[in-house]
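# A closer look at the structure
Spelled out from the first residue to the last, the chains are:
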Amino acid sequence: MPPIPDVKYVSEFTHPHGMNYVNVEDVSLVTGLAGTGSDPPPTPQRAALLDEMKKRNVANPNEILASGNTSMVLVRGFLRPGIQEGDRFDVEVRVPSQSETKSIRNGWLLSTHLKEMAVLGEGIHEGRSLGIAEGPVLVDPTADPKKDAALVTRGRILGGGVALKSRPIGLVIMHEHESVRMSQDIGHAINRRFFTYVDGRK
């Protein structure tokens, strides 16, 4: 039996980049509720929502928040590895814990910019907008408001998010192996195995 050649694998010299999911979120407003909404309590989330409404020149924002046909909600989505600008993703919607909203069934989430959030010190800092979400909220149709109060105050918008920025994925050469020669060798090895044809050209 011939000896096995000394094979070197790309994974010995590199590690993947951009393979994590990015959590994006923001506070927003669900409308179209049949009296099952509530006026949100005075919290930092309410203040942030009021500021956003004022930036969009919404008339009488406090009256809108006080309506039983609206509810403040927390919106969250996850940007998958390699997602491209314009690609859609699912969005989670839920009512804050202190809210008196009874249900968000049949609600409509207003246009919301989703960002990365980080807690630094005593404050919450926002990153730039990476996605935008809007659409009808889908609540578990079998949930009974009298028995499953938690289930009717959370839902999803299937494909309701749109990525505003592409997330590249790739390989990073480990520090101890960094060199122009190594970069060229890895590039050639990958190109020999993974290629495609565009207009008849390889």
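I will try to describe carefully the structure that is included in this document. Computed from a prediction, not measured in an experiment: that's the story for all the values here. (Residues numbered from 1 in each chain as written. Predicted model: local features only at pLDDT ≥ 70, side-chain atom pairs only at ≥ 80, totals over all residues. Heavy atoms only, no water.)

## Observations regarding the packing of aromatic side chains
- Counted according to the given criterion, the structure contains 1 aromatic pair.
- Here the guanidinium or amino end of K202 rests over the ring plane of F195, the centre of that ring lying 4.2 Å away. (Phe/Tyr/Trp six-rings, centres within 6.5 Å; stacked < 30°, edge-to-face > 60°. Lys NZ or Arg CZ within 6 Å of the ring centre and 35° of its normal.)

## A look at the pairing of strand 4 (residues 88-94)
- Bridge analysis of strand 3 (residues 71-79) against strand 4 gives 4 bridges, and the strand direction is antiparallel. For G77, the partnering residue across the bridge sits in strand 4 and is V91.
- Direction of pairing for strand 4 relative to strand 7 (residues 154-163): antiparallel, over a ladder of 6 bridges. Looking across to strand 7, one finds that R94 is bridged to R154. (Pairing = 2+ DSSP bridges. Helix = DSSP H or I, 4+ residues; strand = E, 2+ residues; numbered from the N terminus.)

## Observations concerning the pattern of salt bridges
- Under the criterion given, the structure shown has 8 salt bridges.
- Residue E52 is joined to R56 by a salt bridge in which the shortest nitrogen-to-oxygen separation is 2.9 Å.
- For K115, the salt bridge goes to E126, with nearest N and O atoms at 4.0 Å. Here K115, found in strand 5 (residues 108-120), pairs with E126, found in strand 6 (residues 123-136); they are 11 residues apart in sequence, far enough to count as distant.
- One salt-bridge network, held together by shared partners, links D26, K115 and E126. (Salt bridge = Lys/Arg side-chain N within 4 Å of Asp/Glu carboxyl O.)

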